[in-house]
Amino acid sequence: MNSISKLARLFEQFPGIGPRQAKRFVYFLLTRNPAFINELSTLITELKQEIMLCASCFRFFAADRAGSTLCPMCRDKHRDRSTLAIVSTDADLETIEKSHSFNGLYFVLGGSVPILESEPEKRVRTRELMETLEPRAKSGELKEIILATSLNLEGEHTADFVRSLLSPFIEKYGLKISTLGRGLSTGTELEYSDADTIKNALKNRTI
Ligand SMILES: [Zn+2]
């Protein structure tokens, strides 16, 4: 296999990228100058060295010199610790942040649960979620959990899975659990929703 095919095989593993698009990426790179290629390869190499996973919300963040295990958002004292939004991906978290309509904390599941998945607990951060929620609920700090998943079949299935997973725990600590309001039209991927839509979906969330 030559370099073109090898690189295309790697691009094919990117989300939403098929074989033809993967090949287009490779040919695009071939037209770029060496400085572009160098910057790209350096940034890719540095990515894993500089980016850490937050020990509380499990989102990726740029490591600081102090070597904190928590991201700046989880360390921010101005954020409302009584509300936690559970999202599928880092991209979904960023979309909600950009809408400036939520000031609580987050938890990133790291994926979603496809319908008919026989081992849903392996598709999302189940253990990490329970470990991070328990002490906060116990201390009385956490009051509400918002299931902020996409309004498509997989997103709703993920929300259902998390809701049933958390139900004993919700009862035990008397927490409120809600899902985003139907302001989002059905089939909407959270990541691609605009700020107003997110704002309404949060405002009209249903228990
Ligand atoms: Zn964090």
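Residues numbered from 1 in each chain as written. Predicted model: local features only at pLDDT ≥ 70, side-chain atom pairs only at ≥ 80, totals over all residues. Heavy atoms only, no water.

Engineer: With reference to specific residues and values, describe the overall build of the protein chain.
Structural biologist: The helix and strand tally for the protein chain stands at eight helices and six strands. Ordered by position in the sequence, the α and β elements of the protein chain form the string α-α-α-β-β-α-β-α-β-α-β-α-β-α. Dimensions along the principal axes, computed over C-alpha positions, put the protein chain at roughly 60 × 40 × 35 Å. Counting all 207 residues of the protein chain, 39% fall into the buried class. By sequence separation, contacts in the protein chain at least 24 residues apart represent 52% of the contacts at least 6 residues apart. Accessible surface for the protein chain amounts to roughly 12500 Å². Of this, 54% is attributable to carbon and sulfur atoms. (Helix = DSSP H or I, 4+ residues; strand = E, 2+ residues; numbered from the N terminus. Buried < 20%, exposed > 50% of the residue type's maximum accessible area, 1.4 Å probe, protein only. Contact = heavy atoms within 4.5 Å. Areas by Shrake-Rupley, 256 points an atom, 1.4 Å probe, with all protein chains shown as cover.)

Engineer: With reference to specific residues and values, describe the nonpolar core.
Structural biologist: Among the nonpolar cores identified, the biggest contains 23 residues, and Ile86, Leu129, Leu133, Ile145, Val162, Leu166 and Leu175 are the most heavily contacted of them. If you list the elements that add at least two residues to this core, you get β3 (83-87), β4 (105-108), α6 (126-138), β5 (144-147) and α7 (153-173). If one sorts the elements of this core by residue count, α7 sits on top with seven residues. Beyond its immediate chain neighbours, meaning those up to four positions away, leucine 129 contacts Ile86, Phe107, Leu109, Val162, Leu165 and Leu166. (Core = buried A, V, L, I, M, F, W, Y, C linked by side-chain atoms within 4.5 Å.)

Engineer: Please give an account of the confidence of the model for the protein chain that cites residues and values.
Structural biologist: Scored by pLDDT, the protein chain has a mean of 90; 97% of the residues are at 70 or more. The least confident element of the protein chain, judged by mean pLDDT, is helix α8 (residues 195-203) at 84; the most confident is β4 at 97. (pLDDT = per-residue confidence, 0-100.)

Engineer: Which residues make up the pairing of β5, and what values do they have?
Structural biologist: Of the two faces of β5, both are covered, the one formed by Glu144 and Ile146 as well as the one formed by Ile145 and Leu147. Relative to β5, β3 runs parallel, the two sharing four bridges. When the bridges of β5 are listed, isoleucine 86 appears paired with leucine 147. In this sheet, strand β6 (residues 176-179) lies alongside β5 in parallel orientation, the contact comprising four bridges. (Pairing = 2+ DSSP bridges.)

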